[in-house]
Amino acid sequence: MPSFMGYKRPDGRYGARNLVGIIPSVTCANDVAQAISRQVQGTVAYLHHQGCCQLPPDLERVTDTLISLGRGPNVAAVLIVSLGCEGTDHARMYEELRATGKPVEIIHIQELGGVTKAIRVGTDIARRLAIQVSGLQREEVDISNLVMSIKCGASDTTSGVASNCVIGAVSDRLVDLGATVIFGETTEFIGGEHLLARRAVTPEVGQRIYDIVDAMETRAKSIGCDMRRGQPTPGNIAGGLSSIEEKSLGAIAKSGSRPIQGVLDYPAFVTDQKGLWIKDTPGREPEILTGMAATGAQLMCFSTGLGAPQGFPSMPVIKICGNPHTFARMEEDMDVNAGLVITGEKSIDEVADEVFAKILRVASGEMTKNEAIGYFSAIDIHCLGPVI
Amino acid sequence: MRDEKLALQANERDNVATVFEEGVTAGTQVVVADAAGNRTVHTVADDIPFGHKFALRDIAQGELIIKYGEEIGVASRDIAQGTYVHVHNLDSMRGRGDLEREA
């Protein structure tokens, strides 16, 4: 049975990274969180843009998503940075994260007397947390402890015949080994939802797939225009994708062939779910990467054709490039060359072997290219209602 | 670079093929491989960029355009065999808030 070297957390999960997460409870606390994170090694800040002047269901969604990010096994300890007057429930964040058994602290900028004082106090706490967790050792654990998220971005027509097929083959292997695989991008089910619904384990799950696609498409149509250029993007179109249907049919190839166990809401954290799951997310990178990290995924496999370089603060992102020309141009940002499928030099299974080996190494500590250069600050939480 | 220009027909039902070579210009002969490994030769009528599609047969306006054995859109005008197929002659059937507004 394949294994990886992970950090054991109090809840029994295993982390691929050992980070202190600095979580602003609202966008107004971002600058303090960023200053603390810049100062203290081993920390990451989640610089999102939500958390106030939103309708209650969205405030709850933001609170839940931030809690799920803090619960993630790659996060060893948490410092919540609260402004004090925000709409999110910072007290519940603190209590629920404390309940995981991790070291969790909270500061309030208004109560501490302003930004510079909060940075001072927060830096002091973050330094203590970073030292406290820095001596933890990795231990060997079975691959079934892995939660892998998958995504495709900056796609072109190579994605659907090369890189997404490679990820699909890897996904099938992980599911067969008892691990968890999560895919999303509900917008990119449009036109292919019938193929996914056929793979649902129950008629109810199948209906849920139709329902989330209908909700996403209805929201897009409510603006009264053709969705094209929003999805597919101008880049997708330049890459040869003519419609959302064509993009979707290529995108869903990355989910492989195994049964779909269920649909998770955007903030949901994976507890005991195994096998292949859907998370209801849009396709845009900051929002889907945040949603996927919130599942507790230790890493992501990300397929690209035109070359999407970004990652996520606490979730290593393995870039698998299906376009051989893009790989040649952007090798410094791409981890695996699936363009060799297009040139006929490798089979899908051969590249899947390479990705599988890479997953075990990254889960055990090897940095991905975006991690090594620190390209992972663009994150956000997907909300449904207006900012008011 | 190989001498012959290759394209892929993902499914036997498909009426378009995707070119995965640079330098496919109007009049180029393209070898289309299908999923079963069969090869047929088509002459394209337009320049086809890497990753873009051409029609494997005549497609009438209003007819479905098929790739991966599934519908990817509808022909917005008559498309002759060998012609470039993209947003100028393929309409998406989904996410069309513009059509609902007209209706």
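To start, this report covers the structure provided alongside it. (Residues numbered from 1 in each chain as written. Chains lettered and ligands numbered in written order. Predicted model: local features only at pLDDT ≥ 70, side-chain atom pairs only at ≥ 80, totals over all residues. Heavy atoms only, no water.)

### Focus: the sheet that holds strand β1 (residues 3-8) of chain A
All names here are of chain A.
Next up, step 1: Reading across the sheet, the 3 strands line up as β2-β1-β7 and stay open at both edges, with antiparallel pairing between neighbours. The open sheet terminates on both sides in strands that have one partner only, identified here as β2 (14-15) and β7 (139-142).
Next up, step 2: Pairing geometry for β1 and β2, over 2 bridges, is antiparallel. Within β2, the position partnered with Tyr-7 by the bridge is Gly-15. (Pairing = 2+ DSSP bridges. Helix = DSSP H or I, 4+ residues; strand = E, 2+ residues; numbered from the N terminus.)

### Focus: the pairing of β1 of chain A
All names here are of chain A.
Next up, step 1: One ladder, built from 4 bridges, connects β1 with β7; its direction is antiparallel. When the sheet's bridge partners are listed, Met-5 is paired in β7 with Glu-140.
Next up, step 2: As consecutive antiparallel partners, β1 and β2 are separated by 5 residues, and within that stretch Gly-12 has a phi angle of approximately 95 degrees, a positive value.

### What to know about the pattern of salt bridges
Next up, step 1: Taken as a whole and assessed by the stated rule, the structure comprises 30 salt bridges over all chains.
Next up, step 2: A salt bridge links Lys-247 of chain A to Glu-188 of chain A, with the shortest nitrogen-to-oxygen separation between them at 3.5 Å. Of the two residues, Lys-247 of chain A sits in helix α10 (residues 244-251) while Glu-188 of chain A sits in the loop between β9 (180-183) and α7 (193-197), which places them 59 residues apart along the sequence. As far as the burial class goes, Lys-247 of chain A and Glu-188 of chain A line up, both buried.
Next up, step 3: The shortest N-O distance in the salt bridge between Glu-217 of chain A and Arg-94 of chain B comes to 2.6 Å. Placement of Glu-217 of chain A in helix α8 (residues 203-221) and of Arg-94 of chain B in the loop between β9 (90-91) and α1 (97-102) is noted, with the two residues assigned to different chains.
Next up, step 4: Through salt bridges with shared partners, a single ionic network connects Asp-226 and Arg-228 of chain A together with Asp-91, Arg-96 and Asp-98 of chain B. (Salt bridge = Lys/Arg side-chain N within 4 Å of Asp/Glu carboxyl O. Buried < 20%, exposed > 50% of the residue type's maximum accessible area, 1.4 Å probe, protein only.)

### What to know about helix α5 (residues 115-134) of chain A
All names here are of chain A.
Next up, step 1: The terminal C-alpha atoms of α5 lie 27 Å apart, and with 20 residues this matches the ideal 28 Å at 1.5 Å per residue to within 8%.
Next up, step 2: For α5, the complete set of buried residues consists of Ala-118, Gly-122, Thr-123, Ile-125, Ala-126, Leu-129, Ala-130 and Val-133.
Next up, step 3: In this fold, the buried residues of α5 make contact with β3 (19-24), α1 (30-39), β4 (43-45), β5 (75-82), β6 (104-108) and α4 (109-112). (Expected span 1.5 Å × (residues − 1). Contact = heavy atoms within 4.5 Å.)

### Some details on the side chain of Lys-279 of chain A
All names here are of chain A.
Next up, step 1: The residue Lys-279 is located in strand β11 (residues 275-279) in this model.
Next up, step 2: Asp-265 is the oppositely charged side chain nearest to the buried, salt-bridge-free Lys-279, at an N-O distance of 9.1 Å.
Next up, step 3: In terms of polar contacts, Lys-279 uses its side chain to reach the backbone carbonyl oxygen of Gly-291, at 2.8 Å. (Lys, Arg positive; Asp, Glu negative; His and termini not counted. Polar contact = N/O pair within 3.5 Å; in protein donor to acceptor, adjacent residues only side chain to side chain.)

Purely geometric stuff here, so don't read any function into it on its own.
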